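Chain and residue survey
Below, each chain spelled out in residue letters.
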Amino acid sequence: MGIQDSALGVVRGKVISAGGFTRHPKEILKVYPDAFGGERNGFTGLCLAFDPAKEEAGWTRVPDVPGPARQGSIPAVVGEEMYAFGGFNYTDPYTYPQGYQLRCEQGEWEWESLPCNFPWPIYGAGVAVVGNRIYFVGGADYFRGPRADIENFHTEEGRNGDPVGQA
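In this report, the structure presented in the accompanying data block is examined. If you're wondering where the values come from, they're calculated on a predicted model, not measured in any experiment.

1. Side note on the overall build of the chain
When helices and strands are tallied, the chain shows one helix and 12 strands. What you see in the chain, going N to C, is helices and strands ordered as β-β-α-β-β-β-β-β-β-β-β-β-β. Considered along the principal axes of its C-alpha atoms, the chain spans approximately 55 × 40 × 20 Å. Residue burial in the chain is summarised as follows: out of 167 residues, 43% are buried. A separation of at least 24 residues holds for 44% of the contacts in the chain among residues at least 6 apart in sequence. In the structure as shown, the chain presents an accessible area of about 9400 Å², 50% of it carried by carbon and sulfur atoms. Taken together, the 14 basic and 21 acidic charged side chains of the chain have centroids lying 3 Å from each other.

2. Concerning the nonpolar core
In terms of nonpolar packing, the biggest core is built from 15 residues, with Ile16, Ala18, Cys47, Met82, Leu102, Trp109 and Trp111 touching the most fellow members. For this core, the elements supplying multiple residues, two or more each, are strand S1 (7–11), strand S2 (14–22), strand S3 (42–50), strand S6 (81–85), strand S7 (99–105) and strand S8 (108–113). Per-element accounting of this core gives the leading share, three residues, to S7. When residues no more than four places from it in sequence are discounted, the contact partners of tryptophan 109 are Val11, Lys14, Ile16, Val62, Pro63, Leu102, Arg103 and Cys104. By size, the runner-up hydrophobic cluster in this structure holds eight residues, among which are Ile74, Val78, Phe85 and Phe118.

3. A closer look at the side chain of glutamine 71
Looking at the element boundaries, glutamine 71 is found in the loop between strand S4 (59–62) and strand S5 (74–78). The exposure class assigned to glutamine 71 is buried, which follows from its relative accessible area of 5%. Ignoring sequence-local partners within four residues, the contact set of glutamine 71 consists of Gln4, Asp5, Gly20, Phe21, Phe43, Gly87, Phe88 and Tyr123.

4. A short note on unusual backbone geometry
Proline 93 follows aspartate 92 through a cis peptide bond whose omega is 20°. Inspection of the secondary structure assignment puts proline 93 in the loop between S6 and S7. Residue aspartate 5 is not a glycine yet carries a positive backbone phi of 55°. Residue aspartate 5 is classed as partly exposed on the basis of its relative accessible area of 33%. At tyrosine 94, a position not held by glycine, the phi torsion is positive, near 75°. Take tyrosine 94: it is sitting in the loop between S6 and S7. Overall, tyrosine 94 belongs to the buried group, its relative accessible area being 16%.

Reading the values: rules and limits
- Residues numbered from 1 in each chain as written.
- Predicted model: local features only at pLDDT ≥ 70, side-chain atom pairs only at ≥ 80, totals over all residues.
- Heavy atoms only, no water.
- Helix = DSSP H or I, 4+ residues; strand = E, 2+ residues; numbered from the N terminus.
- Buried < 20%, exposed > 50% of the residue type's maximum accessible area, 1.4 Å probe, protein only.
- Contact = heavy atoms within 4.5 Å.
- Areas by Shrake-Rupley, 256 points an atom, 1.4 Å probe, with all protein chains shown as cover.
- Lys, Arg positive; Asp, Glu negative; His and termini not counted.
- Charge placed at Lys NZ, Arg CZ, Asp CG, Glu CD.
- Core = buried A, V, L, I, M, F, W, Y, C linked by side-chain atoms within 4.5 Å.

Right under this line is the structure:
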């Protein structure tokens with residue numbers, strides 16, 4: 001399947017692709033008919049794993065990313081856990097502050113909601129991991145601003161009037 005803006009990381013030697021958007025699902029609906037919530041394409045929470053040591057097995061499904069289907073969640077891998085923060089779709093509230101953690105315990109993959117949300121809805125930030133800390137730079141929120149006719153990406157002004165990223 002062609003996919004854009006999935007959260008991508010490597011956990012325990014497996015390449016993980018979580019969520020994203022596509023208009024070109026190819027044959028994926030034959031294998032996973034629920035991949036787009038009953039639609040032919042669009043936003044997805046589908047999460048797939050690929051083991052380069054077992055290429056012949058191809059991509060296998062692991063639990064879907066929790067919450068609404070979205071693209072552009074900001075991925076980070078710390079140790080043996082992958083994180084996905086924020087992301088957006090075209091359904092209100094459009095952009096999300098939630099974060100989730102993916103880990104594999106005794107061969108079972110599991111997503112867990114993080115106990116605290118990002119301070120604001122976020123999409124498209126740069127990310128770096130140093131040791132066990134995750135750093136975010138930039139990002140945008142997607143919403144209809146107070147002086148706008150349509151929804152759009154905003155960095156200059158967040159939903160509360162402050163620039164995005166300034167709590």
